[in-house]
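So you can see what is in the structure, the chains are spelled out below.
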Amino acid sequence: MKKQVHLMDDKAINRAITRIAHEILEKNKGANDIILVGIKTRGVPLANRLAEKIKSIEENEVPVGVLDITLYRDDLSKDTIDPVIHGSKINADINDKKIILVDDVLYTGRTVRAALDALVDIGRPQIIQLAVLVDRGHRELPIRADYVGKNVPTSKEEVVKVNLQEVDKDNFVVITRL
């Protein structure tokens, strides 16, 4: 039987996003030259929510891009039949900009590595920072988040699942032991 523990509800997610937005603005001395780039799938609505918070704080719109890392994954084997590729969409020049990569869960670091490769193929940012809703540890690559909503120590037998209204019709984070 799987045991499930609720880590964050809708209000906790909103508080984390508000805090991350403030931290981004403080570290970057405002919103100038910032582009938020959400990693498909749940990083995209989180990036949009961060952009809304930043706009409400600074009254400055921040562009939001979508990054599809499907073809950059190191676990995409030749045996994979027709991977679904949705494409990246960043409607701003990322050269010499401050890019904030946004994702839901940071685990091994392999997703972020793939995102870095995809970004460098698009342009040359001034700096790339990472914002995640949940950091669960167990890194396999030397990657760390600049902004974290919640640090959650986990075992490798546990799964962290983020549900967002825009994708899953509800807002919560749970941890399940397999």
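Only a predicted model underlies this, so the values are computations on that prediction, with no experimental measurement involved.

A. Molecular detail of helix 1 (residues 10-27). Here helix 1 spans 26 Å end to end across 18 residues, near enough to the 26 Å set by a 1.5 Å rise per residue. Buried residues of helix 1: Ala12, Ile13, Ala16, Ile17, Ile20, Ala21, Ile24 and Leu25, and no others. Where helix 1 begins, the side chain of aspartate 9 points an oxygen toward the backbone nitrogen of lysine 11, at a separation of 3.2 Å. Looking one or two places after helix 1, you find lysine 29, whose phi comes out positive at around 55°.

B. The arrangement of the UniProt feature "short sequence motif: PRPP-binding" (unreviewed entry) in the protein in detail. Mapped onto the present numbering, the UniProt feature "short sequence motif: PRPP-binding" (unreviewed entry) falls on residues 99-111. In residues 99-111, helix accounts for 15% and strand for 62%; the two terminal C-alpha atoms are 16 Å from one another.

C. The packing of aromatic side chains, seen in detail. Evaluation of the coordinates by the stated rule reveals 0 aromatic pairs. It is arginine 136 that lies over the ring of tyrosine 107; its NZ or CZ is 3.9 Å from the centre.

D. Representation of the environment of glycine 137. Relative to the assigned elements, glycine 137 resides in the loop between strand 5 (127-135) and strand 6 (147-151). Exposure remark for glycine 137: the relative accessible area of 22% places this residue in the partly exposed category. The sequence separation of glycine 137 and isoleucine 13 amounts to 124 residues, and the corresponding C-alpha distance is 19 Å. When residues no more than four places from it in sequence are discounted, the contact partners of glycine 137 are Leu106 and Tyr107.

E. Structural view of the sheet that holds strand 6. Spatially, the 5 strands line up as an open sheet ordered 3-2-4-5-6, and their pairing is parallel. Each edge of the open sheet carries a strand with a single partner, namely strand 3 (64-67) and strand 6. For this sheet, the mean angle separating the axes of adjacent strands, direction not counted, is 25°. Taken together, the 8 bridges between strand 4 (residues 98-106) and strand 5 define a ladder with parallel strand orientation. Within the sheet, the bridge partner assigned to valine 105 lies in strand 5 and is valine 134. Contacts from helix 2 (residues 43-58) reach strand 2 (34-39), strand 3, strand 4 and strand 5, with the element oriented near 155° to strand 2. Where helix 3 (residues 110-122) meets the sheet, its contacts fall on strand 2, strand 3, strand 4 and strand 5, and the angle it forms with strand 4 comes to roughly 155°.

Conventions we followed
- Residues numbered from 1 in each chain as written.
- Predicted model: local features only at pLDDT ≥ 70, side-chain atom pairs only at ≥ 80, totals over all residues.
- Heavy atoms only, no water.
- Helix = DSSP H or I, 4+ residues; strand = E, 2+ residues; numbered from the N terminus.
- Expected span 1.5 Å × (residues − 1).
- Buried < 20%, exposed > 50% of the residue type's maximum accessible area, 1.4 Å probe, protein only.
- Polar contact = N/O pair within 3.5 Å; in protein donor to acceptor, adjacent residues only side chain to side chain.
- UniProt positions renumbered as here; feature names shortened; annotations may be inferred.
- Phe/Tyr/Trp six-rings, centres within 6.5 Å; stacked < 30°, edge-to-face > 60°.
- Lys NZ or Arg CZ within 6 Å of the ring centre and 35° of its normal.
- Contact = heavy atoms within 4.5 Å.
- Pairing = 2+ DSSP bridges.
- Axes fitted to C-alpha atoms, helices over the stretch in contact; angles between N-to-C directions.

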